[in-house]
Amino acid sequence: MNLTLVLFVVPSVLLLILLNAYPLAFGLNQSVRDGSLLDDGQFVGLANYTNALTSTAFWEAARFTLIFTVVGVFGSWIVGLGLALLLRTRTPARGLFKVLLLLPWVVPIVVSSTAWNWLVATPSSPVPQLFEALGWGTPLFLADPTLAAITVCIFKVWVSFPFMMMMSASALASVDPVVYEAARMDGASPRQQFTQITLPLVARSTYISWILMTIFCVNDFPTIYLLTGGGPVNATTSLVVLAYRSVFQNFETGSGVAIAFLMTAVLVAVSVILYRQIRKVDTA
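The structure displayed is predicted, hence computed values, not measured ones.

K.L.:
What is the right way to look at the overall build of the protein chain in this model?
P.N.:
Per the secondary structure count, the protein chain includes 13 helices and zero strands. Listing the helices and strands of the protein chain from first to last along the sequence gives α-α-α-α-α-α-α-α-α-α-α-α-α. Here the C-alpha coordinates of the protein chain stretch approximately 70 × 70 × 30 Å along the principal axes. Across the 284 residues in the protein chain, those meeting the buried criterion constitute 37%. Sequence separation of at least 24 residues holds for 66% of the intrachain contacts in the protein chain that already meet a minimum separation of 6. Counting every atom, the protein chain has about 16500 Å² of accessible surface; 70% of that belongs to carbon and sulfur. The positive charge centre, built from 14 side chains, and the negative charge centre, built from 12, are 13 Å apart in the protein chain.

K.L.:
Where do I start with the nonpolar core in this structure?
P.N.:
Across soluble globular proteins, nonpolar side chains have a tendency to be buried as a group. By size, the foremost hydrophobic cluster in this structure holds 55 residues, and its most contacted members are Phe-58, Phe-68, Met-164, Trp-210, Leu-239 and Ile-259. Among the elements that make up this core, the one with the highest residue count is helix 7 (residues 145–173) (12 residues).

K.L.:
Which parts of the structure should I look at to understand helix 7?
P.N.:
What sets the pattern is the α-helix's 3.6 residues per turn: residues three or four places apart point alike. The end-to-end C-alpha distance of helix 7 is 42 Å, a good match for the 42 Å that 29 residues give at a rise of 1.5 Å each. A bend of about 40° at Ser-160 is the largest found in helix 7, and the proline Pro-162 appears one to four places after it. Between the side-chain oxygen at the start of helix 7 and the backbone nitrogen of Thr-146 there is a gap of 3.1 Å, and the oxygen is on Asp-144.

K.L.:
When you look at a nonpolar patch on the surface in this model, what are you seeing that I'm missing?
P.N.:
Taken together, Leu-3, Val-6, Leu-7, Phe-8, Val-9, Val-10, Val-13, Leu-14 and Ile-17 make up a surface patch of nonpolar side chains, about 870 Å² in accessible area. Assignment of secondary structure puts Val-6 in helix 1 (residues 2–31).

K.L.:
How do you make sense of the environment of Ser-124 when you look at a structure like this?
P.N.:
Relative to the helices and strands, Ser-124 is located in the loop between helix 5 (109–120) and helix 6 (126–133). Taking C-alpha positions, Ser-124 is 8.9 Å from Thr-138, a pair spaced 14 residues apart along the chain.

K.L.:
Hey, could you run me through the environment of Leu-102 in this one?
P.N.:
With respect to the secondary-structure elements, Leu-102 resides in helix 4 (residues 94–106). Overall, Leu-102 belongs to the partly exposed group, its relative accessible area being 26%. In this structure, the C-alpha to C-alpha distance between Leu-102 and Phe-161, residues 59 residues apart in sequence, is 8.6 Å. Those residues in contact with Leu-102 that sit more than four places away from it in its chain are Pro-162, Met-165 and Met-166.

K.L.:
What's the story with the packing of aromatic side chains in this structure? I'm lost.
P.N.:
Throughout the structure, instances matching the rule amount to 18 aromatic pairs. Between Tyr-244 and Phe-248 the ring centres are 5.4 Å apart and the planes differ by 35°, which places this aromatic pair in the tilted class. Residue Tyr-244 and its partner Phe-248 are located together in helix 12 (residues 239–249), separated by four residues, close to a single helical turn. Classification of Tyr-244 by relative accessible area gives partly exposed; the value is 27%. Aromatic rings pair up to connect Phe-74, Trp-77, Tyr-207 and Trp-210 into one cluster.

K.L.:
For this particular structure, what's the right way to read helix 12?
P.N.:
Counting buried residues along helix 12, eight of its 11 residues qualify, which places the element largely inside the surrounding structure. Among all positions in helix 12, only Leu-239, Val-240, Val-241, Leu-242, Ala-243, Arg-245, Ser-246 and Val-247 are buried. Where helix 12 terminates, the next one or two residues include Phe-251, which has phi positive at roughly 55°.

K.L.:
Hey, could you run me through the packing of helix 3 (residues 56–87) against helix 7 in this one?
P.N.:
Remark: helix 3 packs on helix 7, axes separated minimally by 5 Å, with the N-to-C direction vectors making an angle of 45°. Considered as vectors, helix 3 and helix 7 are oriented oblique to each other. For the element pair helix 3 and helix 7, the recorded crossing hand is right-handed. In the contact of helix 3 with helix 7, the residues fall into 21 nonpolar, six polar and one charged.

K.L.:
Looking at this structure, how should I read the environment of Ala-260?
P.N.:
Tracing the sequence through the fold places Ala-260 in helix 13 (residues 253–283). Along the primary structure Ala-260 and Leu-53 are separated by 207 residues, whereas in three dimensions their C-alpha atoms are 12 Å apart.

Cut-offs used in this document
Residues numbered from 1 in each chain as written. Predicted model: local features only at pLDDT ≥ 70, side-chain atom pairs only at ≥ 80, totals over all residues. Heavy atoms only, no water. Helix = DSSP H or I, 4+ residues; strand = E, 2+ residues; numbered from the N terminus. Buried < 20%, exposed > 50% of the residue type's maximum accessible area, 1.4 Å probe, protein only. Contact = heavy atoms within 4.5 Å. Areas by Shrake-Rupley, 256 points an atom, 1.4 Å probe, with all protein chains shown as cover. Lys, Arg positive; Asp, Glu negative; His and termini not counted. Charge placed at Lys NZ, Arg CZ, Asp CG, Glu CD. Core = buried A, V, L, I, M, F, W, Y, C linked by side-chain atoms within 4.5 Å. Expected span 1.5 Å × (residues − 1). Bend = angle between axes of the 7 residues up to and from the residue. Polar contact = N/O pair within 3.5 Å; in protein donor to acceptor, adjacent residues only side chain to side chain. Patch = residues over 30% accessible without salt bridge, like charges linked within 9 Å, V, L, I, M, F, W, Y side chains within 5 Å. Salt bridge = Lys/Arg side-chain N within 4 Å of Asp/Glu carboxyl O. Phe/Tyr/Trp six-rings, centres within 6.5 Å; stacked < 30°, edge-to-face > 60°. Axes fitted to C-alpha atoms, helices over the stretch in contact; angles between N-to-C directions. Parallel < 35°, antiparallel > 145°, perpendicular 65-115°, else oblique. Left-handed = near helix turned anticlockwise from the far one by under 90°. Nonpolar A, V, L, I, M, F, W, Y, C, P; charged D, E, K, R; others polar.

Here's what the structure looks like:
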């Protein structure tokens, strides 16, 4: 039986290795050279990594990436879990409500970013006009560095919460309602039911969704680039945008690939930490 399983698994594993080994090896080779898209360049060792880690632009991009990721992961999780709990109640037109809530995730990011640009980009856009009508001035959401960073983070939560909602809803569906009935009979308040029953029972799904959303956020290029292009004055430049600029605008392939590998190392570390939490939940 074990031999049969091995025979079925080995071809898939070999295919994955072949598909990933060459790009990985090629990328590592590029990260230790000073080449461009057309020329491999000279071997420079770890100079690209050293230059990245000593660069102000790198740490500014890392700072925004951290903020963007934390807000994207936990913001979308809170909204998604809240809506998943709401959909478990007797909400009128619940089926239609579910479909509408999935739209931010289903609609192509190009369409969503265009719509948000129309809403907030200029003083004549609807949202700035609403602020002006309320006497709050006319904020330039994509021209002010702080407001642009806030807008990008909110936009990320907007396009990501349906994924978290589906993950939470699937986890909640596996929870036996009898558990809540027993808790209510014991006098547990709604808050106690949420903290002592709901959160522990959906913990495994929660950690998995955090891992996936962390990867999505750190590697998210279109959400940021289509909305702000990394501006204004690099206020919304993340590491992936910085890597893109290094490779495709400055033609410094080594620097861009080195940044990408540094991002990968951080993602692996975060994934390992969260995976250990999943194992703790499984053995609890």
